Structures are given as structure tokens and as C-alpha cells.
Amino acid sequence: MRRDLGRRIYGYLVSAAFALFLFSPILWTLSTSLKQPTEMFQWPPVIVGEPSAQHYTAIIADKDFSSALINSIVVSCSTIILTMALSIPAAFGISHLQKTAMRRLLTLVLALRAAPAMIYIIPYFLFFRQVHLVDTKIALIIVNTMFAVPLAIWYLSAFFNQVPREIEEAAMIDGASTLQTMTLISIPIAKSGIMATAILIFIGSWNEFLFALTLTRDDAKTAAVAILNFIPFEGTDWGKAAAACVLMLVPIVVFVPFVKKYVAGPTTTGSVKG
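Residues numbered from 1 in each chain as written. Predicted model: local features only at pLDDT ≥ 70, side-chain atom pairs only at ≥ 80, totals over all residues. Heavy atoms only, no water.

Student: Tell me about helix α5 (residues 121-130), and name the residues and values.
Tutor: Residues spaced three or four apart along an α-helix point in a common direction, a consequence of the helix completing one turn every 3.6 residues. Taken as a whole, α5 has its buried residues at Ile121, Tyr124 and Phe128. Seen from one end, α5 has its buried residues packed into an arc of 75°, which puts them on one side. The exposed set on the far side of α5, more than 90 degrees from its buried face, consists of Ile122 and Gln130. Those residues of α5 hidden inside the fold are in contact with α6 (137-161) and α10 (210-215). The positive-phi residue at the C-terminal boundary of α5 is His132, with phi of around 60°. (Buried < 20%, exposed > 50% of the residue type's maximum accessible area, 1.4 Å probe, protein only. Helix = DSSP H or I, 4+ residues; strand = E, 2+ residues; numbered from the N terminus. Arc of directions from axis to C-beta. Contact = heavy atoms within 4.5 Å.)

Below, the structure written as C-alpha cells:
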């Protein structure tokens, strides 16, 4: 009994320390975004002073950051649509291969995604410059999609594997084509996994920084890059920078709980009657 209590206390302490380590920077950034300029560098530090929304008002009124925020939304949503359009048929097909072939193909797909993004920067930049797509949202959508598709295929193939083959075979016996079986049977059953994957792809595209920094200048700059406008070599505006970071967190806070909901939700419950 004492041993179990000790393990439980130890688990709580480790979890609390880990949570504090992870969340303290976020809480500090939130606090900084709400501080008055005179409270930024007070000692001892002011954790909660007189909350002010002046930094949020300033960055929303900032045309450059507002435009970058819209670019992030357009690029992320377009990446989801294009990635799902390519990944769902591919994952459906892979899930119907023999296990050995399926594992080899998935390993190859994941290996392509595991390569460091840094090695693609120069070739992609030279290519997009040659076709006059540097500083365009199209270039970012293409790059984000290329990196998102392998992960999406990996995730979705696991969900399509959970679809009972008896249902698909029954649909084909009734005259359904492969496309009809996928769209009318498999996708509705695996919709929870598809939604979870779409949210993860959105988050990945929303947070992408490396290619957004190297492939854009002004017109297609995303919010992740626009935050650097508030952090020049001298005279950093910490209040605006913190407020911009908090706004970048909003979609993450909104969508992450849905990932758990969709992944934990039933996929084939009630599909087959014994």
C-alpha cells in the first residue's frame, strides 16, 4: 500500500515538474502580451499586473501582420484540401496490399518524410525561382503538401486497416466499384481518423517556419515569419511579439482537443452485426 502511494506521489511530482517546464514559457508569453510597457522589465517581475489589450490591438491594426495571418490561413487550409485529396486514395490502396508489401511501402513513404527539411531548401528555392513562384502562396502550398502527404498516408492507412473487409466485399458483390466502395463505405467508417489527420496537417502547416522564411519575401509571408518583424536586431517590441505568438497558439488550443476526440472515437462500432 505504501509502495503504491509512493509511486503515485512520485508520478504526480514528475508530471507536475514536466508540465511546469512545458507550460511556464507559454504562460509567461501570455502574461507579457497583457502587460503594460512599464511592467515588462520590472524587478521583481510582475506576473499579473493591470491587463491591457493594447498589444493585441496594435498587431491586429498592423497591415503586414494581418496580411501574414490571412496568408497562414489560406496556405494551411489549401494544404489540408490538397493533402487529403492525394493521401486518402493512396492510403486506401496501400491498406489493401499484402502485409509485407504494405509495410515496405509505408516504410519507404515515412523515410522520405524523415529526411531533414534543410536539404530541400536550395533545390526548392532554385526551382521556384526558375518558375517565378518565389514569394507566392502556391509555392508554400506545394511544399507543405509534399511534406504532409507521407505522414497523412501513414496515419490514414492505419485507419483504413480498421475498416472490416467484409463490408467492402459485400459492397463490391452488390456491384459497387472500387471508387464507390472507398467513398461510400470506407471513408465514412474512417471519418474520425480522417478528421484527426486533417487537424494534424493543419497544425503542421500553420507552424511551418523554415520554408516560409526562405521562399517568401513580402506578399506570401506567413504569420510565423511575420513575428520576426517585432524582433529586429535592436529595439525588440516584446509586447507585440508576445501577442503575435499568443494569436498563433489560438488554432492549436482550439483544434488539439478534437484530435483526441476523433482518434478516441469509434470507427467501426455497429458496422458488422454478429
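Student: Let's hear about the nonpolar core: which residues, and what values?
Tutor: Counting residues in hydrophobic clusters, the biggest one holds 37 residues, and the most contacted among them are Phe65, Met84, Ile88, Leu156 and Phe160. Sorting the residues of this core by element identifies α2 (54-61), α3 (63-95), α6, α8 (178-189), α9 (191-207), α11 (223-226) and α12 (238-264) as the ones contributing at least two each. If sequence neighbours within four positions are ignored, Ile88 has contacts with Leu156, Phe160, Met182, Ile187 and Ile194. (Core = buried A, V, L, I, M, F, W, Y, C linked by side-chain atoms within 4.5 Å.)

Student: Pulling in residues and values, what's your account of the packing of α6 against α9?
Tutor: Where α6 contacts α9, the axes come no closer than 10 Å and their chain directions differ by 160°. With respect to α9, the axis of α6 lies roughly antiparallel. Like other packed secondary-structure pairs, α6 and α9 cross with a definite hand, here right-handed. When α6 is examined against α9, the residues Asn144, Ala148, Ala152, Tyr155, Leu156, Phe159 and Phe160 are found in contact with a partner set consisting of Gly193, Ile194, Thr197, Leu200, Ile201 and Ser205. Of the residues assigned to the contact of α6 with α9, the class counts are nine nonpolar, four polar and no charged. (Axes fitted to C-alpha atoms, helices over the stretch in contact; angles between N-to-C directions. Parallel < 35°, antiparallel > 145°, perpendicular 65-115°, else oblique. Left-handed = near helix turned anticlockwise from the far one by under 90°. Nonpolar A, V, L, I, M, F, W, Y, C, P; charged D, E, K, R; others polar.)

Student: Can you break down a nonpolar patch on the surface residue by residue, with the values?
Tutor: There is a patch of nonpolar side chains on the surface, built from Phe18, Phe21, Leu22, Phe23, Ile26, Leu27, Leu249 and Val253 and spanning about 830 Å² of accessible area. Where the nonpolar patch is concerned, the elements lending two or more residues are α1 (2-33) and α12. Element by element, the count of residues in the nonpolar patch is highest for α1, at six residues. Summarising the element assignment, Ile26 is placed in helix α1. On the basis of relative accessible area, Ile26 is assigned to the partly exposed category, the value being 37%. (Patch = residues over 30% accessible without salt bridge, like charges linked within 9 Å, V, L, I, M, F, W, Y side chains within 5 Å. Areas by Shrake-Rupley, 256 points an atom, 1.4 Å probe, with all protein chains shown as cover. Salt bridge = Lys/Arg side-chain N within 4 Å of Asp/Glu carboxyl O.)

Student: How would you explain α9 if you had to name every residue and give the values?
Tutor: Here α9 is 17 residues long and its end C-alpha atoms lie 24 Å apart, about the 24 Å a rise of 1.5 Å per residue gives. Counting buried residues along α9, 12 of its 17 residues qualify, which places the element largely inside the surrounding structure. Residues of α9 that are buried include every one of Ser192, Gly193, Ile194, Ala196, Thr197, Ala198, Ile199, Ile201, Phe202, Ile203, Ser205 and Trp206, and no others. (Expected span 1.5 Å × (residues − 1).)

Just geometry here; none of it tells us what the structure is for.
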